[in-house]
Amino acid sequence: MNKGLNDYFRKKRKRLSAYLLISVVILVLSIIYYIMSLSGAAESLSDSFNAYTGLEHFSKPAKMYPISVHFIDVGCGDSILITADERNILIDTGKYSLRGDAAYYLKKAGIKRIDLFIASHTDGDHIGDFCSVADNIGIDKLWLSKYAKKPVSKQSEAEKAFYSKIDELGIKTENPELGIYDFGSFTIEVMSPDKNFSDENENSLVLRLCYKDVSFLFMGDAGKKAEKNLVSSGEDLHSDILKAGHHGSNGSSTSEFLKAVKPSFTIISAGEENKYLPSRNCIGRISTCGSEILRTDLDGTIIIVSDGKELSYITEK
C-alpha cells in the first residue's frame, strides 16, 4: 500500500475516533442533564447560565413598579400578563408552541401562579398554549365569554384541548357579565360583547383596566362591529394604552373608535410569520390619531410599567 493511501486511512480513522468521542460526550451529558432535571437542578443550572451570559430575563425591572402589563411576544397571537396588587392575571396564551412560549416567559418572569386567566375568545392563536400554562404555572380561575363555547362537533382541536384541560384540572370558570370588577387597587371593566355576534372575533371579551390615573383597553380580536357598538354605547372608552384588535387588521381600529379612545400608545401583537398583519391602513389610522405604536413583531415583548400617574415602557429588542 502506498504512502498516500496510508495517510488517507490514518486520517479517516482519526476522524472516526473524534466522531465517536463526541457522540459519547453528548450521550453522557444528556444522561447527566436528564438526572438533574428529575431533581430540579437543571432548571437552576439554566437560570445560572442565563444570568452568566446576560440572558437573564429583561422583565426584572418591572417588579419595581406597582403595576406592569406585559405584551408577550408569541408571534401572530395574543398573550398579556398583568401584575398588580400581588395578583397575576393572564389574558390569552398565544398559539401552541413546542417550547410553550407563554409558559416559558411566565416562569422566567418569576410567576408562580395565575390568579385569573381570561380567554378573550377561543381562536387557536389566543388559547393554543393554554395546556402548557395550566400544567406548568397553574390557574386558579378562568373567565370566558358566555358566547364562546360551541358544540363539540364545531370545535377546533385547540378548543377541544382547552376545554378538556379545564375539566381535567377542575378550574373554576365564570362567564362575566358587563360591568366593573374590583381587584383591590385596580378594576377591570368588561365592556363587550353585549350580544352574540355572528363573527367569533367580534365576540372577544373587551376589557378596560384602570389603575389610579392610568387605563388600558384590551380588544382581543374585536373589529369594527364591536367598536361601533362600543362607541354608540356612550361608555367612557378613553384609555392611555390600547391593545389594537385583531393584530392590527384593516377591519379593526376604525377612525371613529380611535377618536373615542384617544390612546397615547397603541400595542399591536403581531408576528413576522404573517406578512399581512398589521395592515398599512390600520397603521395609518393609528398614526393619524397621534398615538405612538409599539409592535411585538418589531419590538419583541413590550412591558408597560406605571406608578398610577406616569407610565413608561420597556421593550425586548
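(A) The arrangement of the sheet that holds strand 8 (residues 187-192) in detail. Strand order in the open sheet made by the seven strands is 7-8-9-10-11-12-13, with mixed pairing throughout. One side of each edge strand has no neighbouring strand; the edge strands of this open sheet are strand 7 (179-182) and strand 13 (292-295). Going across the sheet, the axis of each strand differs from the next one's by a mean of 20°, ignoring polarity. Pairing of strand 11 (residues 241-243) with strand 12 (residues 265-268), which is carried by three bridges, proceeds in the parallel orientation. Bridged to leucine 242 within strand 12 is threonine 266. Relative to strand 13, helix 9 (residues 280-288) is tilted by about 140°, and along the sheet it contacts strand 12 and strand 13.

(B) Examining the confidence of the model for the protein chain more closely. Averaged over all residues, the pLDDT of the protein chain is 88; the fraction at 70 or higher stands at 82%. Below pLDDT 50 for its whole length, residues 36-55 participates in 13 contacts with residues either more than four positions away or in separate chains.

(C) Focus on the nonpolar core. Core analysis: the biggest nonpolar cluster contains 30 residues, and Ile114, Phe117, Phe130 and Phe162 have the highest contact counts within it. Apart from residues lying up to four places away in sequence, phenylalanine 130 is in contact with Thr93, Phe117, Ile139, Leu142, Phe162, Lys165, Ile166 and Ile171. Core analysis: the second largest hydrophobic core is formed by 28 residues, Leu116, Val190, Leu207 and Ile304 among them.

Conventions we followed
Residues numbered from 1 in each chain as written. Predicted model: local features only at pLDDT ≥ 70, side-chain atom pairs only at ≥ 80, totals over all residues. Heavy atoms only, no water. Pairing = 2+ DSSP bridges. Helix = DSSP H or I, 4+ residues; strand = E, 2+ residues; numbered from the N terminus. Axes fitted to C-alpha atoms, helices over the stretch in contact; angles between N-to-C directions. Contact = heavy atoms within 4.5 Å. pLDDT = per-residue confidence, 0-100. Core = buried A, V, L, I, M, F, W, Y, C linked by side-chain atoms within 4.5 Å. Buried < 20%, exposed > 50% of the residue type's maximum accessible area, 1.4 Å probe, protein only.

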